[in-house]
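Coordinate analysis (summary)
Each chain is listed here by its residues.
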Amino acid sequence: MCGIIGCCASSSIKDILINGLERLEYRGYDSSGISYIENGKIITYKSVGKLINLKNKTKDININSSIGIGHNRWATHGEPSLNNAHPHISNNKKISLVHNGIIENYLEIKDILLGQNTSFYGKTDTEVIVKYIEYIYKGNPLDSLLTLNKVLKGTYALCIIFLDHPNKIFFLKKGSPLLIGKGKEEIYLSSDIFSLQNYTNLFLYIKDNQYGYISNSTYQVFEDGNYINTNFEKYDSKQIVEKLTTYNSYLEKEIYESKDVIKNIITKHINDSKIDFSKYKINKVIDNIENIVLLGCGSSYHSALIGKYIFEDLCKIPSSTYIASEFPYTPIIKKTNTLYILISQSGETADLISCLPLLDDFKLGIINVKNSSLSLKMDDNFFLEAGSEISVATTKAYLGQLTFLYLLGIYIANKKQLISKEYYLSLIQELESIPNKIKQILDNHQEIKDFSNIIKDYKNVFFIGRNLDYLTCLEGSLKLKEVTYIHSEAIPSGELKHGTISLIDQDVYTIALLSSNLRNKTKSNIKEIESRKGKVFSISTNDSNYNIPSTLEIFYPLLQIVPLQLLSLYTAENKKLDIDKPRNLAKSVTVE
Ligand code: M6R
């Protein structure tokens, strides 16, 4: 993962680098660092842990440099430590670089360098790159980058400063995102546009295998030794990161925003009680779709599972889901007229991007971040327009994804005349009522808060339910483990007796979802748990520990997840954890 930034300006780059890194922190917070050129030297500051540590370290330092690079790290090779933090420096202290990606053949390259008596101070693949550049460098950075691109295997976006080219930052990209931003008197490099949204809206996305340099007034891009003519484009950078006001965390804020995200998607796509997808290219292929393949990771995979249910239930289209990191290695029998749906909040998830070469039919993205790497490679996109999601644990984007999947399912079913006019209208009417029902849940959160006080002391939690309830259990369980560090597992309730029930005792809490029409079966499973002294907290529409409003069977995933999101939030608050930045995680997972 990691976020990188570089800036050539006409005045000090300190604030630009630090502000940019603040915006890029969602990409990793194991360590951070900056390098800049001042008084004929490359100066570097690094800190382990969150960016605040680097900010504190540099707060009294006057930086008089107008050229610098910065990095937020999500550790892959080598533990989070000062030695492994970027920027990485050549042994002669004349080259410094930051890297986002993974070098697969770094050990082979390291062996070559060790044979040349090159010394290493850390364990990262990135240090190998800077030492290799030092080894091949003959005074022309562009020549070195051309050679480097032939040698490196893996993914990389690199920003590099060379002491003997003190007014330029050099770059090379393959597989990891990198763009150039053009300000009035500055030119920037960054992993994303949001890090630069206070400075410019003119951007140029660097393509794979391209390399070049920026200065404060110009830039050049090359590919395979040839100069490439490029232009900046204006990009909408509306996804402003709002400051927390009345909320204690972004997770809390974003849970409360979910209802607005759903409402916004519905309002923009339902006119006069009809779903209007006329502006989308997918319209042209809908009649021919014979099967649907849904891909995602983490919560986005959980959305995909619910999508499959919707498409098979409403549209009768055979659908399959794959965890994106497994898809390229799974024997798949290709079918014709496939609709691929790629679901991702960030649009930067490397596991999804690596599936692209295998997808030879229409690709629809359900994505939050516009202009993200994945969205640019889709045939069409449904953008969630959920605003920035800052908390690592996704909430509002997950509900936005589900809303689009419901709309698409209902739209196709109606277009293919698989559902009656009355059912179509009742589905739309009920979908429109969901934001209000979510509001009722949010207003009625005290019982969940009280329960979080109990569950915070448990080490193991199970989530049980059947059918759609089970699919929500998967997401509820991921949310709980991700932000509270409590081990949890989702099990279809009927499956408990096939093994897992042996773990049930008085030290295990089970959260049971009872909204599907199979609730009576789950109720029997609850009895089995209670007979073994296990404790149960049930969520249903009535007669349970926590009651949610009722809706049509197919829409329960939109409601049930909300108390589970709140439970994770309150439990993490009770445990005094860093809610928005849980340990070991990053918001955008840009490595495979
Ligand atoms: O940006 P994406 O939706 O592609 O991210 C996929 C997963 O990494 C993400 O959903 C992750 O599981 C969340 N942290 C869950 O809250």
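Look above for the structure.
For clarity, every value in this text was computed on a predicted model and none was experimentally measured.

Moving on to helix H13 (residues 519-531). Between the first and last C-alpha of H13 there are 18 Å, a value that for 13 residues agrees with the 18 Å anticipated at 1.5 Å per step. Within H13, burial applies to Thr522, Asn525, Ile526 and Ile529. Viewed end-on, H13 has its buried residues packed into an arc of 110 degrees, placing them on one side of the element. In H13, the exposed residues that point more than 90 degrees away from the buried face are Asn520, Lys527 and Ser531.

Ile341, Leu408 and Ile511 are the most contacted members of the largest nonpolar core, which has 92 residues in total. Per element, the largest residue contribution to this core is 13 residues, and it comes from helix H9 (residues 396-415). Those residues within four positions of Leu408 in sequence are excluded, and the remaining contacts are Phe277, Ile282, Ile286, Phe311, Ile341, Leu364 and Phe382. Leu97, Ile103, Leu113 and Tyr211 belong to the second largest nonpolar core, which has 26 residues in total.

This part is about the environment of Leu82. In this structure, Leu82 sits in the loop between strand E4 (67-73) and strand E5 (88-89). Linking Leu82 and Lys46, residues 36 residues apart in sequence, is a C-alpha distance of 6.5 Å. In this structure, Leu82 is in contact with Lys46, Ser47, Val48 and Lys57, ignoring residues within four places of it in sequence.

Turning to the sheet that holds strand E11 (residues 202-205), a few remarks are in order. Reading across from one edge, E3-E2-E4-E1-E10-E9-E11-E15 is the order of the eight strands in this open sheet, with antiparallel pairing throughout. Two strands in the sheet have a free side with no partner beyond their single neighbour: strand E3 (41-48) and strand E15 (233-234). Looking at chain direction, strand E2 (residues 31-38) and E3 are connected through eight bridges and run antiparallel. What sits directly across from Gly33, in E3, is Lys46. Contacts between helix H1 (residues 14-24) and the sheet are confined to strand E1 (3-8), E2, E4 and strand E10 (187-190), with E1 contributing the most and set at about 160 degrees to the helix.

Calculation rules
- Residues numbered from 1 in each chain as written.
- Predicted model: local features only at pLDDT ≥ 70, side-chain atom pairs only at ≥ 80, totals over all residues.
- Heavy atoms only, no water.
- Helix = DSSP H or I, 4+ residues; strand = E, 2+ residues; numbered from the N terminus.
- Expected span 1.5 Å × (residues − 1).
- Buried < 20%, exposed > 50% of the residue type's maximum accessible area, 1.4 Å probe, protein only.
- Arc of directions from axis to C-beta.
- Core = buried A, V, L, I, M, F, W, Y, C linked by side-chain atoms within 4.5 Å.
- Contact = heavy atoms within 4.5 Å.
- Pairing = 2+ DSSP bridges.
- Axes fitted to C-alpha atoms, helices over the stretch in contact; angles between N-to-C directions.

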